[in-house]
Every structure is written in C-alpha cells, then in structure tokens.
Amino acid sequence: MPQIMIPQNQIKNAKMFSSRYDFIKTLPKGIKFLEAGVLAGDFSLYVINEVAPKISTLIDPFNDIDWHAPEYPAPRWDKREQHFEFVKKRFLDIPNVNIFKGGYEEFVKINSEKYDFLYMDYDTTHESIMSQIKMSEDIMEDNAILGFNDYNIYFNETKTGEKMGVVPAINEFLYKNPNWYVYAFALNDNLTSDIYLKRS
Ligand SMILES: C[S@@+](CC[C@H](N)C(=O)[O-])C[C@H]1O[C@@H](n2cnc3c(N)ncnc32)[C@H](O)[C@@H]1O
C-alpha cells in the first residue's frame, strides 16, 4: 500500500492540543474509560484524577520493566514479576477501577461493557493497530473517542511491505472508512503525538 494521507474532509474540524494532558481536561466527567497498555498507570491516574470516570478499565499483561524509571529517583519495581503488584497496590483505594491482567485481545473476548474513551498505547505495528481499531469498534459507545499514542512513523519496511508505525495504519484506516474522522490531535515535546478518532 503506498503512503496515504488522511483525507482533508476527515480532519477539517479536528482540534489541536499542546499535550495529551490538555486534551484530557476537555473530556466530560463521569465517562467510561479504558486504557490498553497501562505500564505503571501514570497516564491512567492522570485521567482518573481529571475525569473521575464512572468506570476505569486498565488492561495490560503487567509483566514489564518500569520504562518510566528515568523520570523517578529509582525504578518503582525491580523485577517483571513485581509489575502487577505495584499497579494493584497503586489503584487499590481508587473507586471504580477494574484491572485486567492480560492482553487487550483477551479482554475483548470476555468484556460486555461499552466505553466512552478508549486509549491504545501498546503495540505500534501496522497489523496490531488495525486489529486494535477492529476490537475497539465493538465496545465503543455512540460518540466515543478512540485515542492512540505514538502517532509517528519508523522508516523501515515490514516483511509484508507496509511502513511501520501508527501513522500509516491510522491513515489507511481513515482513508478506507470515510465515516470516521480525526476529533483531536495532541502534540508533546517529541512528536510521539496522540491522535483521537470518532465515527459519525
Ligand atoms: C508504552 S507502555 C504504556 C504506557 C502508558 N500508557 C502511559 O502512558 O504511561 C506499553 C504497555 O503495553 C503493555 N502491553 C503489551 N502488550 C499488550 C497487549 N496485548 N494488550 C495490552 N497491553 C499490552 C506493556 O506491558 C506495557 O506496559
């Protein structure tokens, strides 16, 4: 598939934000929030504090290292096996939080809830982004927002020829699905930006 742009009429009303944190401040209070790819729950906690969701569902295999450790005096857990305990403890006293230990693809098989704001922040391969959209479509409320972190590109080709990264996958999806559009875009300090989609 050659490089594809987002059609202008599917982006023309999008709002631009300085950061994902500024975008989150615009969300209505009490919505149903889902995050796939949580790591330590830093962003989840920000959303919960700003939005006070009716439900917060945090999905991750929770078997990783603390990638955000450089931002702290020391890693918050040492071994991968301690990752889940850290997150469980962190959210223990926060109401309406469901923690799912496993991949998003496992979660959607057992889930019967629909969400207002779904945030994807794990695998950035073309194939995975396409499947993240497909899995999310079924569990989005009307008017829901589907957000992706890392809207960027890596200039190496995959075995099947697609360019890697979130940009080609999202652009291709929007091009092929004219009932979807870009609702907002959030910059940051290094262009691992967020893009937020809606369907009409
Ligand atoms: C970039 S980090 C998430 C950062 C987090 N969203 C934040 O902003 O602080 C990626 C996370 O995705 C998780 N992950 C990997 N495969 C996953 C899958 N199939 N479903 C959900 N999460 C997954 C990893 O365990 C890791 O914690």
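Anything mentioned here points back to the structure above.
Position numbers for residues start from 1 in each chain and track the written sequence from start to end. In keeping with the predicted nature of the model, local features appear solely for residues at pLDDT of at least 70, side-chain atom pairs appear and are counted solely at 80 or more, and the whole-chain, interface and lining totals rest on all residues.

Draft legend 1. Main features of the environment of Asn-13. Runs of H or I in DSSP of at least four residues are treated as helices and runs of E of at least two as strands, each being numbered from the N terminus. Within the fold, Asn-13 resides in the segment before β1 (15-17). Counting along the chain gives 110 residues from Asn-13 to Asp-123, while the straight-line C-alpha distance between them is 28 Å.

Draft legend 2. Expanded view of the sheet that holds strand β4 (residues 97-101). Spatially, β1-β9-β10-β6-β5-β2-β3-β4 is the arrangement adopted by the eight strands of the open sheet, whose pairing is mixed. Whereas interior strands pair on both sides, the edge strands pair on one side only; in this sheet they are β1 and β4. Between one strand axis and the next, the sheet turns through 20° on average, direction left out of account. Pairing between strands is defined by DSSP: at least two bridges between the two strands are required. Note that strand β5 (residues 115-120) and strand β6 (residues 140-148) share five bridges and pair parallel. Paired with Tyr-115 across the two strands is Met-140, which belongs to β6. Fitted lines through C-alpha atoms give the axes, limited to the stretch in contact for helices. The angle between two N-to-C directions lies from 0 to 180 degrees.

Draft legend 3. Quick peek at unusual backbone geometry. You will see that Phe-62, though not glycine, has its phi angle at about 50°, which is positive. Looking at where Phe-62 falls in the secondary structure, it is placed in the loop between β3 (55-60) and α3 (83-91). The exposure scheme places C-beta atoms from the backbone and then counts, for each residue, the other C-beta atoms within 10 Å of its own, assigning buried at 20 or more, exposed at 12 or fewer, and partly exposed in between. Classification of Phe-62 as buried rests on a count of 24 C-beta atoms within 10 Å. For Leu-191, which is not a glycine, the phi torsion comes out positive at approximately 60°. Using a count of 10 C-beta atoms within 10 Å as the deciding quantity, one classes Leu-191 as exposed.

Draft legend 4. Region of the structure containing the site of the ligand. Residue proximity rests on one test: whether the C-beta atom, placed from the backbone, lies within 6 Å of the molecule or strand. Neighbouring residues of the ligand: 15 residues in total, closest Gly-37, Phe-43, Gly-103, Asp-121 and Tyr-122. At the level of elements, α2 (42-51) and β3 are the ones that each hand at least two residues to the shell around the ligand.

Draft legend 5. Here's a closer look at the pairing of strand β9 (residues 180-186). Across three bridges, the pairing between β1 and β9 is parallel. From the neighbouring strand, Phe-17 faces β9, where its bridge partner is Ala-186. Pairing of β9 with strand β10 (residues 194-199) involves six bridges; the strand directions are antiparallel. Bridged to Phe-185 within β10 is Ile-195.

Draft legend 6. Quick look at α2. Here α2 has its buried residues at Phe-43, Ser-44, Val-47, Ile-48 and Val-51. Buried residues of α2 fall within an arc of 140° about the axis and therefore sit on the same side. As for α2, its buried residues are in contact with α1 (20-24), β2 (32-36) and β3. Here the arc refers to the set of directions running from the helix axis out to each C-beta atom. Once C-beta atoms have been placed from the backbone, residue pairs whose C-beta atoms lie within 7 Å are recorded as contacts.

Draft legend 7. Molecular detail of the nonpolar core. Formed by 44 residues in total, the largest nonpolar core has its most connected members in Phe-117, Leu-118, Val-166, Ile-170 and Ile-195. The contact partners of Val-166, leaving out residues within four places of it in the chain, are Thr-124, Ile-129, Phe-148, Asp-150, Tyr-151 and Asn-152. One nonpolar core equals one set of buried Ala, Val, Leu, Ile, Met, Phe, Trp, Tyr and Cys residues connected by C-beta atoms within 7 Å.

Treat this as a map of the structure, not an account of what it does.
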